[in-house]
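Coordinate analysis (summary)
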Amino acid sequence: MTATTPDTPDATAHVIAINDDVVTLRLDDPEAGRWIKNEVVHLCLPPDPGMERTHLEAEVLRVRGADADAQVYEDTAGVGIGDPVIQSGEQLAVTLGPGLLGQVYDGLQNPLPRLEAIGGRFLQRGLDVPALDRQQRWSFEATVRSGDRVVAGDGLGSVQEGRFAHRIFVPFGWAGRFTVSWVQAGSVNLDAVIARLRDENGREHPVTLAQRWPVRRPLTATLQAGGRTQRTYPDTPLTTSLRLIDTFFPIAKGGTACIPGPFGAGKTVLQNLISRYSDVDIVIVVACGERAGEVVETINEFPQLADPRTGGTLMDRTIIICNTSSMPVAAREASIHTGITLGEYYRQMGYDVLLIADSTSRWAQAMRETSGRLEEIPGEEAFPAYLESSIRQLYERAGVVRTPAGDTGSLTLIGTVSPAGGNFEEPVTQGTLNTVKTFLGLSYDRAYRRFYPAVDPLISWSRYRDQLDPWFRREMGGDWRHRVERLQQLLRDGDDIQRMMQVTGEEGISDADFLTQQQATLVDRVYLQQDAFDPVDVSTPLARQKAMLELLDHVVAMRGPFADKAAIRATFTRLTDLFHNLNGTASDSDAYRQYRDRIEALASGKPDAAQTPAPGPDDSDSDSESDGG
Ligand SMILES: Nc1ncnc2c1ncn2[C@@H]1O[C@H](COP(=O)(O)OP(=O)(O)O)[C@@H](O)[C@H]1O
Ligand SMILES: [Mg+2]
């Protein structure tokens, strides 16, 4: 049987079975044709009267001789047995080129706002809108000349994309050596030829500003194999300006981190804070929401967020890839690969890129659905047995690279995980924890008490400590790590004493233990917790984190004498107020210096200058500092 019809002369296969969005396809001529795993194919639906045929995209997931199982990226209603299938011979690929920044895409790189304008809703079947604006003109400046020798991944020149120099490369997939036979600078659109490269057989190949790359193939690995890019060890922290992360659980630039937490614990808010304040050039957000509303929130919020680095909007240096559970499962699964590929592309230009996937649980669930439909042998909780290796493959695409141009670029990957009921024992959380090197565990209990960011300091960890130690020694002083570890010990001791106190009451513990517990509580309240709604407190630069830690050293060294527990409590209530005021005060102000001096005086046992007479034992005076200074 052949399914080729007059208007689909390119068809080489046909549909033989349909199971929801997984279709089974058969080659028309098994002698002549073959399937490629992850190849993109097009199903040709019968046309409505007077209309052109609709083509639906699908991806080959499993090859079985002349048959293949493929996942359709769109709604499969109307697909029938015998429908002709065109093989593209290519894997799912994205378009790389200027104009990506500021875009909102779905998992298949369809631009959402424009699609909405055309289709009236998020996704219309069979609609193909180019990922990049083909009309827009870019001013191309060449860095090579006729006669220069180049290979895949070498720069040919650049265009200015916003405030970024966007490098134009010899297409990454081109094999062999080339000689530039012609290159021209000037104002061009994406379809214009900017250079011609002659291969070793004398054939000429035109180059434009855009190229395609298959999303499941790591861009860097390919260039690395050609010796044109080196991976280097991450040795610099990603500065998020969130004290709890930077000081206690640092993430390396080019590293990986995981933020698991139950629904409502603050994953999305934390993600937005990290995106906004981290010292990176470009931010990629892969938003896989449980509800459409969440994703819409992200799309609406990001353009509003002011960029603390430039004064513009954060969206100017952001790409959003979004998915909701109402989108087809294959598109949802692909989205994370699409995001990572775009990240690798900008890293290859020498930029620091941060990719946040919120939440990777949705991605894993998409994989589980597909695996179920393929009737694969299920692993734990019906996730496929290869779940953990798939997670590892994703995070392995993070890293620091040295590019052919001699630049260093990084791609940092942070994934949130939303385990049902906040149970971190489930497979996606566990698989991710076995892969990433920083773990920021959100606690329902802390979120409930509004201790934000609700990262639990007693369960979280960073395996970057050793690796980043030289950097911290250099930038933050030789005793930095020791100080941090001492504070962590204090937090653990404080927690132990707190538990004891719950059993015995305050009377059951010594004054010394009570002092330790109060010190730990202070560190938690004024250092770990950070007010996202206070314009100063929202972001603490590293230098200020260092100054704060020096101040906390005084407090932690306090031994008394205190008359009784009431005296200890009164002093720490006062200290907490002073620290809170300090946290809301700009670093270079007189008020800042005054609060700092008062904390130092109080910590060294002197009475607080602004507080005469000294507070009585029952005086909790939590608000009395609001007019202080
Ligand atoms: N850092 C924070 N500061 C203040 N409020 C927060 C913070 N983090 C979370 N919240 C509150 O918790 C709510 C839920 O947070 P969200 O990030 O949406 O949770 P999740 O993504 O884990 O479901 C937010 O709407 C906000 O009211
Ligand atoms: Mg969320």
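Treat the numbers as computed from the prediction; the structure is a model and nothing was measured.

At the junction of D358 and S359, the peptide bond is cis and its omega measures out at 0 degrees in the coordinates. Mapped onto the fold, S359 is located in the loop between strand 22 (352-358) and helix 7 (360-373). A cis amide bond, omega -10 degrees, links Y452 with the succeeding residue P453. On the secondary structure map, P453 appears in the loop between helix 10 (444-448) and strand 26 (461-462). One non-glycine residue with positive phi stands out, namely E381, at about 50 degrees. For E381, the location among the structural elements is in the loop between helix 7 and helix 8 (387-395). We classify E381 as exposed; it has 12 C-beta atoms within 10 Å.

Before going further, it helps to spend a moment on the site of ligand 1. Taken together, G261, F263, G264, A265, G266, K267, T268, V269, Y452, P453 and A532 form the complete shell of residues around ligand 1. Class assignment for the residues of the shell around ligand 1 results in six nonpolar, four polar and one charged.

Moving on: the pairing of strand 21 (residues 318-324). Within strand 21, six of the seven residues are buried, which leaves it mostly tucked inside the rest of the structure. Where strand 8 (residues 104-105) meets strand 21, two bridges bridge the pair, whose relative direction is parallel. Pairing of V104 across the sheet is with I320, part of strand 21. Alignment of strand 20 (residues 282-289) against strand 21, held across seven bridges, turns out to be parallel. Looking at the pairing, G289 lines up with T324 of strand 21.

Residues annotated in UniProt with the feature "domain: ATP synthase A/B type C-terminal" (unreviewed entry) correspond here to residues 470-552. Annotated as 73% helix and 0% strand, the span residues 470-552 places its first and last C-alpha atoms 23 Å apart.

Turning next to the UniProt feature "binding site: ATP" (unreviewed entry) in the chain. Here the UniProt-annotated "binding site: ATP" (unreviewed entry) positions come out as G261, P262, F263, G264, A265, G266, K267 and T268. When the 27 C-beta atoms within 10 Å are taken as the criterion, A265 is described as buried. If sequence neighbours within four positions are ignored, A265 has contacts with L442, S443, Y444, A447 and A454.

Most of strand 20 is tucked away, with eight of its eight residues classed as buried. The side-chain alternation of strand 20 yields two buried faces, one formed by I282, I284, V286 and C288 and the other by V283, V285, A287 and G289. The sheet contact formed by strand 20 and strand 22 spans six bridges and is parallel. Its bridge partner lying in strand 22, I284 is registered against L355.

Turning to the sheet that holds strand 14 (residues 186-188), a few remarks are in order. Read from one edge to the other, the open sheet built from four strands follows the order 12-11-9-14, with strand pairing classed as antiparallel. The open sheet has two free edges, formed respectively by strand 12 (164-169) and strand 14, since each of these has just one partner strand. Strand after strand, the sheet turns through a mean of 35 degrees between neighbouring axes, direction not considered. Examined bridge by bridge, strand 11 (residues 155-161) and strand 12 share six bridges and lie antiparallel to one another. What sits directly across from S158, in strand 12, is R167.

The rules behind each value
Sequence order as written defines residue numbering, which begins from 1 separately in each chain. The naming scheme follows written order: chains are lettered A onward, ligands numbered 1 onward. Only residues with pLDDT of at least 70 get local features here, since the model is predicted, and only at 80 or more are side-chain atom pairs given and counted; chain-wide, interface and lining totals rely on the full set of residues. What counts as a helix is a DSSP run of H or I of at least four residues, what counts as a strand is a run of E of at least two, and both are numbered from the N terminus. Remark: C-beta atoms are placed from the backbone, and a residue is labelled buried if 20 or more other C-beta atoms sit within 10 Å of its own, exposed if 12 or fewer do, or partly exposed between those counts. Any residue whose backbone-placed C-beta atom lies within 6 Å of a molecule or strand is treated as near that molecule or strand. Gly is put with the polar residues, along with every residue not named as nonpolar or charged; the nonpolar set is Ala, Val, Leu, Ile, Met, Phe, Trp, Tyr, Cys and Pro, and the charged set is Asp, Glu, Lys and Arg. By this definition, two strands are paired if DSSP reports at least two bridges between them. UniProt positions are given in the numbering used here, feature names are shortened, and annotations may be inferred rather than shown by experiment. Here, residue contact means that the backbone-derived C-beta atoms of the two residues sit within 7 Å. To get an axis, fit a line to the C-alpha atoms, keeping to the stretch in contact for a helix; angles then go from 0 to 180 degrees between the N-to-C directions.

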